[in-house]
Amino acid sequence: MASFTRRTVLASIGAALAAPAILTRAHAAEVTLRLHHFLPGVAPMQTKFFEPWAAELTAASNGAIEVQIFPAMQLGGKPPQLADQTRQGICDIAWTLPVYTPGRFPVAETMANPFMVTNAEKTSVAMHKLMDEFGQNEYRGMKVLAFHTHDGGKLHTRNAPVRSRADLKGLKLRAPNQSTGDLLTSLGAEVVFFPVTEMMVGLSNGVIDGCCLPYEVVPAFKLQELTSYSAAPAPAARGLYANTFALVMNQAKYDSLSDGLRGVIDAASGMTLSHRLGKQFDEFEAFGKSVVEKQGNQIVEIPAEEIAAWREAAAPIYDAWIAKLNDAGHDGAAIMARANELLDEG
């Protein structure tokens, strides 16, 4: 009798566990959206954002929307091609960086200039507002779901900390984008541009002395094991830089959805999503910093007056960016002024 009861209970549990799968097959999704990105599937961006967000779309649509996530460029191509893949329908949704295609999305790139970041949450909101006001035509053929940035980058070095311009002289550093590279060069560093994977090799064999990246990148590449020092601007000072991101959807795919399903997408995107992404990247940043601290690496502060001097050194970079915006048919000075106004409001 006891054996029979045990078998009965186990069978009941098994049936209960199997029920959702049966229901899923019985109520197949009306539409499947393929989401493509460049990070590995174990990255926090996938596990802590894409997967929960995809599940929310499915739940909000009562199972009518299914999102299939393809990390690490599994649908082919290279990261700079993600925007075009979305426009062409190779994927339905993609997460990409405007700096991957320099000059193509100049308004969206604007906040990737030096010292155009406070924290990720506030800067993401500022970027979304800036794009609403000046960048509406940059992503033609795509529906923009969100814009955001990461937190301000830090200087991670192997052999000595960076507290001043003098500490940068002759230092071989990997730069994250062209404008930040121009700043570091003007401050005396010897700048190189490596893909992140090659950067890690460069740090391992001593080809470079350090890099400029936010803390959130540290755990994925075990950067804390290849560097011993991290330098961040003093509190209340602007961050060194932040790359900008766009989450975009194929416009034709969006237009093909029913009114109800478009409403689900709309409710899960826009300014609310930009704010959420920025806040999430601040959380990623805090975790990355904790990894650096746990490793025992030294974290130093770059004084506010030093950062102020570095911002003055960036003036020619801003002038060049204004000219680039003007060449693209925009009012460059107005865009830069508004970007700084939005950051100061935050």
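Structure: see above.
Rules and cut-offs
- Residues numbered from 1 in each chain as written.
- Predicted model: local features only at pLDDT ≥ 70, side-chain atom pairs only at ≥ 80, totals over all residues.
- Heavy atoms only, no water.
- Buried < 20%, exposed > 50% of the residue type's maximum accessible area, 1.4 Å probe, protein only.
- Helix = DSSP H or I, 4+ residues; strand = E, 2+ residues; numbered from the N terminus.
- Pairing = 2+ DSSP bridges.
- Core = buried A, V, L, I, M, F, W, Y, C linked by side-chain atoms within 4.5 Å.
- Contact = heavy atoms within 4.5 Å.
- Axes fitted to C-alpha atoms, helices over the stretch in contact; angles between N-to-C directions.
- Parallel < 35°, antiparallel > 145°, perpendicular 65-115°, else oblique.
- Nonpolar A, V, L, I, M, F, W, Y, C, P; charged D, E, K, R; others polar.

A. Quick look at the pairing of strand E8 (residues 210–213). Judged by which residues are buried, E8 turns out to be covered on both faces: Gly210 and Cys212 on one side and Cys211 and Leu213 on the other are all buried. Pairing between strand E6 (residues 172–174) and E8: two bridges, direction parallel. What sits directly across from Leu173, in E8, is Gly210.

B. Here's a closer look at the nonpolar core. One finds Phe115, Tyr139, Leu155, Leu168 and Trp310 to be the most contacted residues of the largest nonpolar core, which totals 57 residues. In terms of residue count, the dominant contributor to this core is helix H15 (residues 332–345) (five residues). With residues up to four places along the chain from it excluded, the contact list for Phe115 reads Leu183, Arg238, Gly239, Leu240, Tyr241, Ile307, Trp310, Arg311, Ala314 and Tyr318.

C. Representation of the packing of helix H13 (residues 304–313) against helix H14 (residues 315–327) in the model. Closest axis-to-axis distance for the H13/H14 pair is 4 Å, and the angle between their directions is 40 degrees. With respect to each other, H13 and H14 are oriented oblique. Residues Arg311, Glu312 and Ala313 of H13 form the contact with H14, whose own contacting residues are Ala315, Pro316 and Tyr318. The residue inventory of the contact of H13 with H14, partitioned by class, reads four nonpolar, no polar and two charged.

D. Local environment of the sheet that holds strand E10 (residues 244–250). The strand order E2-E1-E3-E10-E4 describes an open sheet built from five strands, whose pairing is mixed. The sheet is open, and its two borders are formed by strand E2 (65–70) and strand E4 (142–149), each paired with just one other strand. The mean inter-strand angle of the sheet, taken between neighbouring strand axes irrespective of direction, is 20 degrees. Both strand E3 (residues 93–96) and E10 contribute to a ladder of four bridges, which runs antiparallel. Pairing of Trp95 across the sheet is with Leu247, part of E10. In this fold helix H2 (residues 44–60) packs onto strand E1 (31–36), E2, E3, E4 and E10, with an angle of close to 160 degrees to the strand it touches most, E2.

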